[in-house]
Amino acid sequence: MVLMAFYAFLLAVLTIYAFHAYLMLYLYKKRKACNSTVPPPKVWPKVTIQLPVYNEKYVVERLIQSVCKLDYPWDKLEIQVLDDSNDETRQEALKWVDYYRKQGVDIQYIHRASRQGFKAGALKNGLRSAKGEFIAIFDADFVPQSDFLQKMLPYFNAPDIGMVQARWGHLNGNYSLLTRSQTICLDAHFVLEHGARNAHGIFINFNGTAGIWRKETIVDAGNWQDDTLTEDIDISYRAQIAGWKFVYVNDVVCPAEVPAEVYGLKNQQYRWAKGAIQAAIKLLPAIWKNKKLTPLMKFEGTVHLTNHLVFPVLLLLALMLFPMLAIRINDPHNDLYFAAISLFTINAFSYPLFYVYAQKKIYPDWKRRVLFLPILMAGAIGLTVINSQAVFSALLGRKSMFHRTPKYNLADRQFKSLAGKKYRIRFNATVIIELALLAYISISLFYAFKHIQYFAIPFIMFYWVGFAFIGGLSLAHAVRR
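Computed from a predicted model, the values in this text were never measured in an experiment.

Conventions and cut-offs
- Once a new chain begins, its residue numbering starts again from 1 and follows that chain's sequence as written.
- Reporting in this predicted model follows two pLDDT cut-offs: at least 70 for local features of residues, and 80 or more for side-chain atom pairs to be given and counted; totals over whole chains, interfaces and linings ignore these cut-offs and use all residues.
- The basis for every side-chain value is the complete set of non-hydrogen atoms in the structure, without hydrogens or water.
- Counting from the N terminus, the helices are DSSP H or I runs at least four residues long and the strands are E runs at least two residues long.
- Here the globule rule is a power law, 2.2 Å times the number of residues to the power 0.38, and the radius of gyration is based on C-alpha atoms.
- With a 1.4 Å probe rolled over the protein chains alone, any residue whose accessible area is under 20% of its type maximum counts as buried; one over 50% counts as exposed, and the rest are partly exposed.
- Any two residues whose heavy atoms approach within 4.5 Å are treated as being in contact.
- We treat Lys and Arg as the positive residues and Asp and Glu as the negative residues; His and chain ends play no part in the count.
- One atom stands in for each charge, and that atom is NZ of Lys, CZ of Arg, CG of Asp or CD of Glu.
- Each nonpolar core is a collection of buried residues, namely Ala, Val, Leu, Ile, Met, Phe, Trp, Tyr and Cys, held together in the definition by side-chain atoms within 4.5 Å.
- Here a pair means two rings of Phe, Tyr or Trp (six-membered ring of Trp) with centres within 6.5 Å. Their orientation is stacked below 30 degrees between planes, edge-to-face above 60, and tilted elsewhere.
- Two strands are said to pair when DSSP picks up at least two bridges between them.
- Think of each axis as a best-fit line through the C-alpha atoms, taken over the contacting stretch in the case of a helix, with angles from 0 to 180 degrees between the N-to-C directions.
- Two cysteine sulfur atoms make up a disulfide if the distance between them is within 2.5 Å.
- The length a helix should cover is 1.5 Å for every residue beyond the first.
- Think of the arc as the fan of directions from the helix axis to the C-beta atoms.
- When describing relative orientation, an angle under 35 degrees is termed roughly parallel and one over 145 degrees roughly antiparallel, while 65 to 115 degrees is termed roughly perpendicular and anything else oblique.
- When residues are sorted by character, Ala, Val, Leu, Ile, Met, Phe, Trp, Tyr, Cys and Pro go into the nonpolar class, Asp, Glu, Lys and Arg into the charged class, and all the rest, Gly among them, into the polar class.
- Here a salt bridge means any side-chain nitrogen of Lys or Arg lying within 4 Å of a carboxyl oxygen belonging to Asp or Glu.

### A look at the overall build of the chain
- Helix and strand counts for the chain stand at 19 helices and seven strands.
- Relative to a compact globule of 481 residues, whose C-alpha radius of gyration would be 23 Å, the chain shows 23 Å and is just as compact.
- A principal-axis box enclosing the C-alpha atoms of the chain has dimensions of 80 × 55 × 45 Å.
- Looking at the chain as a whole, 58% of its 481 residues qualify as buried.
- Taking the intrachain contacts of the chain between residues at least 6 apart in sequence as the baseline, contacts between residues at least 24 apart amount to 83%.
- One finds the centroid of the 55 positive side-chain charges in the chain at a distance of 3 Å from the centroid of its 35 negative side-chain charges.

### A word on the nonpolar core
- Judged by nonpolar contacts, the single largest core of 75 residues is most densely connected at Ile-49, Ile-64, Phe-148, Leu-149 and Trp-213.
- Here Leu-149 is in contact with Trp-44, Val-47, Ile-49, Leu-70, Tyr-72, Leu-77, Ala-136, Pro-154 and Ile-212, once residues within four sequence places are set aside.
- Leu-321, Phe-338, Ile-341 and Tyr-447 belong to the second largest nonpolar core, which has 36 residues in total.

### Regarding the packing of aromatic side chains
- Per the stated rule, a full pass over the model turns up 27 aromatic pairs.
- Taking the centre distance of 6.3 Å and the plane angle of 55° together, the rings of Phe-206 and Trp-224 count as tilted. On the criterion of sequence distance, the pair formed by Phe-206 in the loop between helix H6 (177–199) and strand E6 (211–214) and Trp-224 in the loop between helix H7 (215–220) and helix H8 (231–241) is long-range, its members being 18 residues apart. Trp-224 shares its class with Phe-206; the two are buried.
- Here the aromatic rings of Phe-354 and Tyr-355 are separated by 5.6 Å at their centres, their planes lie at 65°, and the arrangement is edge-to-face.

### Some words on the pairing of E6
- The side-chain alternation of E6 yields two buried faces, one formed by Gly-211 and Trp-213 and the other by Ile-212 and Arg-214.
- When strand E4 (residues 134–137) meets E6, the two strands line up antiparallel, connected through four bridges. Bridge assignment links Phe-134 to a residue of E6, and that residue is Arg-214.
- Taken together, the three bridges between strand E5 (residues 161–170) and E6 define a ladder with antiparallel strand orientation. Counted as the bridge partner of Gln-165 is Gly-211 from E6.

### Re the sheet that holds E4
- Read across the open sheet, the seven strands follow the order E3-E2-E1-E4-E6-E5-E7; overall the sheet is mixed. Of all strands in the sheet, those with a lone pairing partner are strand E3 (107–111) and strand E7 (245–256), marking the two edges. Strand-to-strand twist across the sheet, computed as the mean angle between neighbouring axes with direction ignored, equals 20°.
- Note: strand E1 (residues 47–53) against E4, four bridges, orientation parallel. Within E4, the residue paired with Ile-49 across the bridge is Ala-136.
- Set on the sheet, helix H3 (residues 89–102) makes contact with E1, strand E2 (77–83) and E3; between it and E3 the angle comes to about 155°.

### A short note on the state of the cysteines
- Taken as a whole, this structure holds zero disulfides when the rule is applied.
- With no disulfide of its own, Cys-68 lies 15 Å from the sulfur of Cys-254, the closest cysteine sulfur.
- Residue class for Cys-68 comes out buried when judged on its relative accessible area of 8%.
- Take Cys-254: its relative accessible area is 0%, and that puts it in the buried class.

### Concerning H3
- The first and last C-alpha atoms of H3 sit 20 Å apart over 14 residues, in line with the 20 Å expected at 1.5 Å per residue.
- Restricting attention to buried positions, one finds in H3 the residues Thr-89, Ala-93, Trp-96, Val-97 and Tyr-100. Buried residues along H3 cover an arc of 105° about the axis, so they all sit on one side. Exposed residues lying more than 90 degrees from the buried face of H3 are Gln-91 and Lys-102.
- In this structure, the buried residues of H3 make contact with E1, helix H2 (60–68), E2 and E3.
- Immediately beyond the C-terminal end of H3, within one or two residues, lies Gly-104, with a positive phi of roughly 100°.

### Structural notes on the packing of H6 against helix H14 (residues 350–362)
- H14 packs onto H6 with a crossing angle of 80° between their chain directions and a minimal axis gap of 8 Å. The orientation of H6 with respect to H14, classified from their angle, is roughly perpendicular. Counted together, Thr-183, Ile-184, Cys-185, Asp-187, Ala-188, Val-191, Leu-192 and Glu-193 of H6 and Phe-354, Tyr-355, Tyr-357, Ala-358, Gln-359, Lys-361 and Ile-362 of H14 form the full contact between these two elements.
- Of the residues belonging to the contact of H6 with H14, the class tally is ten nonpolar, two polar and three charged.

### Notes on the pattern of salt bridges
- Counted according to the given criterion, the structure contains 21 salt bridges.
- Of the charged contacts in the structure, one is a salt bridge between Glu-133 and Arg-214, with a shortest N-O distance of 4.0 Å. Of this pair, Glu-133 sits in the loop between helix H4 (118–127) and E4 while Arg-214 is found in strand E6, placing the two residues 81 residues apart along the sequence.
- Accessibility expressed as a relative area gives 9% for Arg-214, which makes it buried.
- Between Glu-193 and Arg-197 there is a salt bridge, with its nearest N and O atoms 3.5 Å apart. Of the two residues, Glu-193 and Arg-197 both sit in helix H6, four residues apart, roughly one turn of that helix.

### Observations concerning unusual backbone geometry
- Not every positive phi belongs to a glycine, and Ala-210 is a case in point at roughly 60°.
- Note that Ala-210 resides in the loop between H6 and E6.
- A residue is classified by how much of its surface remains accessible, and Ala-210, at 0% relative accessible area, is buried.
- Located in the positive-phi region is Asn-223, a residue other than glycine, with phi close to 65°.

### A word on the side chain of Ser-444
- Here Ser-444 is to be found in helix H18 (residues 430–450).
- By relative accessible area, Ser-444 is classed as buried at 0%.
- With near-sequence residues (within four places) excluded, Ser-444 lies in contact with Leu-321, Phe-322, Leu-325 and Ile-460.

Structure below.
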C-alpha cells in the first residue's frame, strides 16, 4: 500500500507540471497582440556590449566580427570582450580587437587572471567600467543580426522597463537528431512561455544572452551574483521583485549554436537544472512573502524555478515500473486503483501539444519539424539521470564549478566532424547508470509483454527509447572520442 500511495503521489506531482504546460497554452492563446512596432528613440542612447568568453577558439572570431558589424552609431557604442580564457582564444580575441580598434571601433579587451565568480564575475567586472546606459550581452556562440540594437532598444519606451529579451534562433538546428530535438524545446520556451508570461505580466527571465539590460536595473537589483549556476535567472527575479518590468520580443531572432554532442548537452542541462533549483531556494521565500504579487505570479514563479524537480520524479517512476507491474499482475484486488491512476494519462499530452503548437506558430514547415518530437521526448527521459544528479546536488547545498558548454562553429548543411576538436567533454559515469536503467527497463518490458500488459507497454517503451537514445549516444560519443 505504501508503494502504491507513493506512486500515485509522484503522478500527482507530474500533473501539476503538466497542468502548467496546459496553462501556458491557454494564456498564450488568450493574450492580446503585443510587441507591436514601436517608434525609435529621438536620440539613440549609449550602449555597452559585453561579450563574456572562456576558451572559445572556434567561435570568438565570428562573435567579434558580427558585433562589430552592428548598424548603430559608432560614437554611441562600446564593446567589451570579457575574456577569462587560458588558451589560444586570448591571442585570437586580441587580434580581432586590435583590428577593429584600428577601424575606429570603441572595443576593449578585458582579461582576468582568475575566473572568480565565473560568468557573473566577468559581467560584474566589466560593468564597473561600462559607459553605456544600456548593456547588451551575447554569449560566444551567438551571431546577432546587424539591426539587433535598432530593433530592440525602442522597447525601452518606459522608465520602468529593465530588460528586453530576443528569441534564440538556431545556426545548427538541422545538424543532427540531437540538435533538431533541442530546437523544438527552445522554441516552445521562447514562443509560448515567454510569450504568455510577457502578455500577462508574469515573471519572465533573461536567458543569459541575446538581451539588453538597463544598467540602472542591474545595479538596483543587487548586481550580478555568483551563488547560483544560473546568474541570469537569479538577477531576473531579483529585478522583477524590485519592481522592474521585462519585455520579450518574439520578432527579433538572434541565432546561436545548440550543443552538437551529448556530453555538451548534459553539461548544459546540469548547469541549468542545478542553477534553477539554487535560485528557487534563494528566491521563493521572497516571492511568497511579497504581497504585491498576484497568486498567478507566485504560482508561475514557483513552477518556473522548480520545474527540474520533474526529472527526479520521472527517475523514481522508472525505478518503480517493475514492482508496480508485479502488483498489477499478481493482485487483481487493485484493479480499481490502476483504473483510477490511468486518469493521469492526461499528463502525456500536455508537453507534446505544447511543443507542436510552438512549431506551428513559427515555421511554415512545422508538420515536418514535429516529426522529430519523439526524439525530444525520449531525450528528456534519457536526461533524467544527469538532471536528477543536478537537482539533488542543489538541494544538498553542494558547490560546483561553472562549466560552460563548448561550441564548435557549426551550422546547418555544414556537417563538420567533431573529431579532434578541443573542449570535448570526457566520458562520465552517468552513461553507466543510463545503460543499467536501460537493462532494467528491458526486463520490465519483457515482463509486461509476457503477461499481456498492453496498457503499460507504451509507457515502458517511452522509458526504454529514452535511455537507449541518451545512453547509447553517450557511449557512442565516448568511444568516438
